[in-house]
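Structural overview for review
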Amino acid sequence: MSPSRLPSGGAVIDRSRPIKFKWNGKSFTGFEGDTIVSALAANGVDVFSRSMKYHRRRGILTGDFWDPNCFVQVGDEPNVRAGHRLISAGIEVSAQNVWPSLERDVKAANGLVGRFLTAGFYYKTFMKPATLWPKYEKILATFAPGGAIDIESTPGRYDKRYSHPDVLVAGGGPAGMAAAIAAAEAGADVMLVEHNHQLGGHLLWGSAEDQKRAASLGARCIEVGVEVLTDSTVTGRYDGSWVAINQRNVAGETIERVVKARAKCLVIAPGLIERPYIFEGNDRVGVMTSGAARRMLNMYGIKPGQKAVVFTANAAGDAAAADLADAGVEVTTVDGRTGADVVRASGSGDRVEQVELADGTVYEADLLVTAVGWTAPTSLANMSGDRPSYDPSAARFFCTSLPDDVLPTGGLAGDGSLEENLTHASATGRLAARRGLTMRNQMRSMTPRASTGVPAPIKDASEPAPLPRANHPELFRSTTHGLVDFSEDVGSKDLWAAAAEGFDSVELVKRFTTATMGPSQGKLETVNTVAVLAEYLGQSIEEVGTTVWRPPYAPVSLGALAGKNSTPHRISSIHVWNKANNCKFIHAGAWLRPDHYGNAQAEAKNVRDNVGIIDVTPLGKLDLQGPNVPDLLELLYVNKWRKLDIGKVRYGVMVGEDGVVLDDGVTARLGEEHYMMTTTSSGAASIWEWAENWLQTERPDWDVRIVPVTTSYTSINVAGPKSRELLLKICEDVDLSNEAFGYMSARPATVAGVAESLMLRIGFTGELSYEVHVPAAHGLKVWEALLDAGKDLGVKPFGLEAQRILRLEKGHFIVGQDTDGLTRGASAGLGGLIKLDKDDGVGLPELRWAADRTDLAQVVSIALDDGMIVPEEASQLVDGETNTIVGRITSSRMSPNLGRSVCMGQVIPELAAPGSKLTVLLTDGRRVPAKIHTDHAFIDPEGARLRA
Amino acid sequence: MARKKPARYSAFDLVKRGLKNEEWPRLWDHHDLNKSYDAIIIGGGVHGLATAYYLAKDHGITNVAVMDKGYLGGGGSGRNTAIVRSNYLTPEGINFYNRSLELYGSMATDHNLNVMFSERGHLTLAHSDASLRTMRWRAEVNKLQNINSLVIGPDEVKKIVPSLDISRDAAHPIEGALFHPPGGIIRHDAVVWAYARSAAAMGTQMHQKTEVLDIICEGGSGPDGKGPGGKVTGVRTNRGDVSAPVVVNCTAGWATLISDMAGVKLPITTFTLQAAVTEPVKVFLPAVVVSGSLHCYVSQTDRGELVFGAAVDPVSTYSMRGTFEFTENLAGHILDLMPGVAKMRLLRQWAGLCDMTPDYSPVMGVTPVEGFYVDVGWGTYGFKAGPGSGEAMANTISSGRNADIIAPFDLARFAEDRLVGEKGAAAVGH
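Model, not experiment: these values are computed from the prediction.

**A word on the overall build of chain B**
For chain B, the helix and strand inventory stands at 11 helices and 20 strands. Its C-alpha atoms give chain B a radius of gyration of 22 Å, near enough to 22 Å, the size a compact globule of 430 residues would have. Expressed as lengths along the three principal axes of its C-alpha atoms, the size of chain B is roughly 65 × 65 × 40 Å. Within chain B, the proportion of its 430 residues that are buried is 64%. Excluding contacts between residues fewer than 6 apart, the proportion of contacts in chain B whose partners are at least 24 apart in sequence is 75%.

What follows is the structure, encoded as structure tokens:
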């Protein structure tokens, strides 16, 4: 018989508000407050899915979020928990992983050969012939469970929120509510998080009296100012009481939210999860837990069957039997406390029609309700470092040792009457408030102020008196074998077989059979798995132990975890101009940088012939002040820094502790104790950290203040023979003559009326050039002033591509492109720069070793004999016609100024001398001759242009 | 030692035993600890078990105990993301990984246990000009070493993996990828079981829940006869003392703690690496996708789950509790790459320990303590190299000197400044 809606009842549905939706293409109507499962059950639907392996029909098992039998597809969302998800108008719900339909599913044929498909069978077959395995694999993959995603869909809106409650209560049942109320009454700022749609926990599916109690506790929560999040799950507790919450009931267009709470004290009150019972036929449609039956009856007004057998070993089962009888169901009660046992459910069409007891009695029934005990969801305790231990008299696990800021209450802490529970929870809440407020006061008192503004912690809160533990029979498995993991189709027989094969610890059996690894995350399966294994091994459950519960407590969508997921791009103040002027951008780390303005070759040529300007704002800039700056520079750079005059600039290279080149750039001395360091653009952040790390951990006695000022300035390089002429037009307060402001000097300047600018005369491009750093707010103004003033000089903007050509013509290497993870200072052609006679320096011993080495690859400039060929970067240098690698091309470009290609590369030392002949293996397979160039620079090796 | 042929695994035998309702024999037995062994291998993961297997198979050394403080495959072997590939950068690395890939390819038939090696192709995405250059470098080097690996453009990337967003306005546009067709995924637990079963069949003993508390040495320059110049004589375990002239350290994340017991210092720091898995959905992702610059990689199992991994965490720790930030960053980056997966749900996260060396390459072979061997420092790619290094370690142990294939990875290289250059191309290497 099918389930049906009772004429009245159902605490959470509103019968005045019907809602239409679709199930497998057909229209159905439910009420507001209905879940997909309850709405369908009200319409007589009893099958919601097919099992993973044998494709058996599956009906309600727990009827809530955890129900492994009620995963459905809603639109393009897979694996929706139909026992939890509320219906809304027009949603299209369908069964997952069935073909051609839920009722007629061809893969149900697997059930016929089930005895051969024991857990892990695939490890033992599909091996011969080996060539057929890819085909077998494709077929196996069609058995993947779950729904489908639409790979073309775009993520909707998700967001994040931070929260800093004094007390965070995980679980909004009676204990959680009482704890939250007590904590709030004690002055704490409290957040209460409930997994279900309403506060109340098990009271919700209890008697009318229970429901009234839930409502009044809920109302009191609001009254005392507890912040309540429903349909939200505490998914994890991480180090430092960093608590992650997945909030699903979010207003507006936002789909889900992640709340990140730094809880000063965490109360865990998740209640208990009812365990299914293991016996033959326990996955038949019509077999459900007492919680499921009561949820259907009392929350949704649904009669789950006509003739029921209730197998009960506790009060929850007794209550289910009573509730069913009240609803007009014909009930037979089988009391597990007296030794009676259910051994088999049988029937046709995967449904229950008969229930057989251990004494041989057979009852006709379409509903079999089991109440055999509880799993304590100790996940949050586990994540707080606890290893729970098993109490055989209560037949469940309990926490053993928790940190002071994690307090369990409710079912996790013990049993007892509702009143005893509320008393324990209130005391727990008061203790949590005391600890939370104590911490908030301590934190607040670190910043001096007249009053901390934080309520004083109550003094009379102490550890609650422990809750009693009720005796409960250890009922896990009947004398027959049944399913243990419903989402993975793994039975107790599979577990025994696995143990017999040697997978005889809980971790091994889990890995071999996949029990507990499915979407229910072991909530219903873990303890049963352990119990079945313990029974086989003749060990106690405590000896076998459990697997570690890992986060998240409930699965979280990738969308919610990602949040808004906007990857910001960094742009300079000139970006708007660039965008309006045909600039093609390139992604460089987080920066969007100008790559070119249409013709990089022409841009590069214009720099050599006239003058060009480039936006180099991302260049790392560190403002260094203090008496020990020279010491720091001497430590970090491979060269010497103690004798740098004010107004002078020096080039330096940094190496790591392995002597490998890390970064390069220039540093200018601006005043007595004031320097400006520039780093590569990609090193802007890492070199700041690097310098701070040395200062803070190795040289804390040094007086150096570092301020990263990369984005405080807009940086423009003005390069080309006419650059001085151009700057003369817009800079009045600096003598730009070669005598007054020579190569490698720095001057404070006012540029285009912008004061507090800085000019460095340096030349990465190999031209006379000035690096102008202006306060960022005025960057665009200076850029436009340069273009305007330079019209008659032929000024043109140039991008990174042109700069790459120019520096390559000049033979300047780029760290990380021409050098790599093994390039020691000496191999980068820095022989003269490195000073090995310093007292100390990062990587100095390694540099000394490297200086004696004769086997290190060298960074060199390379010219192909045929200058019309531009070898792709990464083309290998090989030994003649062999495949022996002797080096590689690291950079290559066509030079517009020389009319031929120019390259840099690395070669073995034997081939590094100028004029050495090389063979370049082009990526298309051709081998072409090349030579090491006479100088590092192809253009102006003497540096006359730089110094002009 | 007792030898018995393991039960044959085949479809025929599945049916036969199914009909007779007959149990399968154990893959390996429990044993009491002997008083002495010819060799003790510490660490029951892929490396330790492969070493034991090749010691028995290639060198006839079967009086061997594999000891693990937990259960077989409970460390990195069961926590990695099960990706295998051989398109490394250095010839030394390639030698190794390519040999391992070969052995993985024939493992199911060699061991008569289906390890479900899925050769599905491995894509390393490039999001910048610079990383495309590095990909090309790897491809060009690989080409010269007959490794099938090539650089492909965004359109070809999209053809292979339709769920990737190759639009130019993506947060991290895909400029191209290094495509390595022989790369793929494998059932990592099955690899562990295959080696354990085959080694056990030749007489090697598996000792789980057997924690080595100390390594007993004599003649060394340090306290208790440990340290350079000495030799090992056995180990102290939670189940008693056992003597052996050879002790092999295959303990990855715990490598330094174990080596310290013999007085051998290793330049290794342990970091965690986190991974996660989603709920299953119908198969849509046909290849392994890696993004070095976004520090993530993803593949879809035949069961439909997405398996993710990341780079090692920034701080050194033995705690395997994991962090929330990991899942947030991971999800953000995965959605940048594949916006269509937003509604999939993360099911479980975990962490494993990685033994990192300064040059991202392992430390293998003999040590200054006679009889004490190491096969450690594999960092983030130990699983991929398991079979090849087991074979080489067995060779080394039986001869008492480092096999040629592992010579570049000896412990002495750090003192002699002979670092291996894998770091150059593989800051995140999966």
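**Comments concerning the overall build of chain A**
Secondary structure assignment for chain A yields 21 helices and 51 strands. Along the longest, intermediate and shortest principal axes, the C-alpha atoms of chain A span 110 × 80 × 55 Å. Relative to its full complement of 948 residues, chain A shows a buried share of 55%. The long-range fraction of contacts in chain A, counting pairs at least 24 apart against all pairs at least 6 apart in sequence, stands at 66%.

**Structural notes on the domain arrangement of chain A**
By the assigned domains, chain A splits into domain 1 (4-103 + 276-371), domain 2 (158-272 + 379-445), domain 3 (476-559), domain 4 (597-795) and domain 5 (808-843 + 853-932). The distance between the C-alpha centroids of domain 1 of chain A and domain 5 of chain A comes to 72 Å.

**Let's talk about the sheet that holds strand β10 (residues 212-218) of chain B**
Residue and element names in this part refer to chain B. Pairing within the open sheet is antiparallel, and its three strands lie in the order β10-β11-β12. Both edges of this open sheet fall to β10 and β12 (240-243), since each of them pairs with a single strand only. The mean inter-strand angle of the sheet, taken between neighbouring strand axes irrespective of direction, is 25°. Bridge analysis of β10 against strand β11 (residues 231-237) gives six bridges, and the strand direction is antiparallel. From the neighbouring strand, I215 faces β11, where its bridge partner is V235.

**Observations concerning the environment of V660(A)**
Residue and element names in this part refer to chain A. Mapped onto the elements, V660 comes out in the loop between β37 (649-655) and β38 (661-671). Separated by 658 residues in the primary sequence, V660 and S2 have C-alpha atoms spaced 74 Å apart. Excluding anything up to four places from it in sequence, V660 contacts V655, G821, L822, T823 and R824.

**Describing the interface of chain A and chain B**
Taken together, the contact pairs 76 residues of chain A with 75 residues of chain B. The element best represented in the side of chain A that touches chain B is helix α13 (residues 558-562) of chain A, accounting for four residues. Class assignment of the residues belonging to the side of chain A that touches chain B gives a composition of 37 nonpolar, 22 polar and 17 charged. By the bridge criterion, two bridges tie strand β32 (residues 556-557) of chain A to strand β18 (residues 345-356) of chain B in an arrangement that is antiparallel. From the neighbouring strand, S557(A) faces β18(B), where its bridge partner is R345(B).

**Overview of the packing of helix α15 (residues 600-609) of chain A against helix α20 (residues 800-810) of chain A**
Helix packing for two helices is described by the angle between their axes and how far apart those axes are. Residues and elements named next belong to chain A. It is at 8 Å that the axes of α15 and α20 come closest, and there the two elements cross at 55°. When the axes of α15 and α20 are compared, the pair comes out oblique. Our pair here, α15 against α20, has a crossing hand that is right-handed. Taking contact as the criterion, the partners of A600, E603, A604 and V607 in α15 are, on α20, E801, A802, I805 and L806. Here the residues of the contact of α15 with α20 are counted per class, giving six nonpolar, no polar and two charged.

**Digging into the packing of helix α9 (residues 492-500) of chain A against helix α10 (residues 506-513) of chain A**
Residues and elements named next belong to chain A. Remark: α9 packs on α10, axes separated minimally by 10 Å, with the N-to-C direction vectors making an angle of 115°. In this structure, α9 meets α10 at a crossing whose hand is right-handed. Between α9 and α10, the contacting residues are D494, L495, A498 and A499 on the first element and V509, F512 and T513 on the second. Classifying every residue of the contact of α9 with α10 gives five nonpolar, one polar and one charged.

**Some remarks on helix α2 (residues 46-59) of chain B**
All names here are of chain B. Here α2 spans 19 Å end to end across 14 residues, near enough to the 20 Å set by a 1.5 Å rise per residue. Counting buried positions along α2 yields 11 of 14 residues, so the element is predominantly enclosed. For α2, the complete set of buried residues consists of V46, H47, G48, L49, A50, T51, A52, Y53, Y54, L55 and A56.

**A word on the sheet that holds strand β6 (residues 71-74) of chain A**
Residues and elements named next belong to chain A. The mixed open sheet is built from five strands, whose spatial order is β3-β2-β8-β6-β7. One side of each edge strand has no neighbouring strand; the edge strands of this open sheet are β3 (26-32) and β7 (77-81). Each adjacent strand pair in this sheet contributes to an overall mean axis angle of 45°, direction not counted. Here β6 pairs with β7 via three bridges, running antiparallel. Bridged to F71 within β7 is R81.

**Observations concerning the domain arrangement of chain B**
Residues and elements named next belong to chain B. Per the domain assignment, the segments making up chain B are domain 1 (34-86 + 88-112 + 188-268 + 359-424) and domain 2 (122-181 + 269-356). The C-alpha centroid of domain 2 is placed 28 Å from the C-alpha centroid of domain 1. Domain 1 puts 22 residues into the contact, and the matching count from domain 2 is 22 residues. Among the elements of the structure, α3 (76-79), α4 (91-105) and α9 (255-260) are those that each provide at least two residues to the side of domain 1 that touches domain 2. Take the side of domain 1 that touches domain 2: its biggest share by element is three residues, from α4. Across the side of domain 1 that touches domain 2, the residue classes tally to nine nonpolar, 11 polar and two charged.

**Some remarks on the pairing of strand β36 (residues 620-625) of chain A**
All names here are of chain A. In this sheet, strand β39 (residues 674-679) lies alongside β36 in antiparallel orientation, the contact comprising six bridges. Following the sheet pairing, L622 is matched in β39 by M677. As paired elements, β36 and strand β40 (residues 705-708) share four bridges and run antiparallel to each other. Its bridge partner lying in β40, L622 is registered against P708.

**A short note on the environment of G105(B)**
Mapped onto the elements of the fold, G105(B) is located in helix α4. Distance in space between the C-alpha atoms of G105(B) and V115(B) is 9.4 Å, their sequence separation being 10 residues.

**Considering the confidence of the model for chain B**
The pLDDT averaged across chain B works out to 93; a share of 97% of its residues lies at or above 70. Across residues 424-430 of chain B the pLDDT falls below 50, and counting only partners more than four positions away or on other chains, this stretch makes 23 contacts in the model.

**Here we look at the pairing of strand β14 (residues 269-278) of chain B**
Residues and elements named next belong to chain B. Along β14, seven of the 10 residues are buried, which leaves the element largely enclosed by surrounding structure. When β14 meets β18, the two strands line up antiparallel, connected through 10 bridges. The partner of T270 across the bridge, within β18, is D355. By the bridge criterion, five bridges tie β14 to strand β17 (residues 306-316) in an arrangement that is antiparallel. Bridge pairing in β17 places V277 opposite V307.

Definitions and limits used
Residues numbered from 1 in each chain as written. Chains lettered and ligands numbered in written order. Predicted model: local features only at pLDDT ≥ 70, side-chain atom pairs only at ≥ 80, totals over all residues. Helix = DSSP H or I, 4+ residues; strand = E, 2+ residues; numbered from the N terminus. Rg over C-alpha atoms; globule rule 2.2 N^0.38 Å. Buried ≥ 20, exposed ≤ 12 C-beta atoms within 10 Å, placed from the backbone. Contact = placed C-beta atoms within 7 Å. Domains from an automatic or database assignment. Pairing = 2+ DSSP bridges. Axes fitted to C-alpha atoms, helices over the stretch in contact; angles between N-to-C directions. Nonpolar A, V, L, I, M, F, W, Y, C, P; charged D, E, K, R; others polar. Parallel < 35°, antiparallel > 145°, perpendicular 65-115°, else oblique. Left-handed = near helix turned anticlockwise from the far one by under 90°. Expected span 1.5 Å × (residues − 1). pLDDT = per-residue confidence, 0-100.

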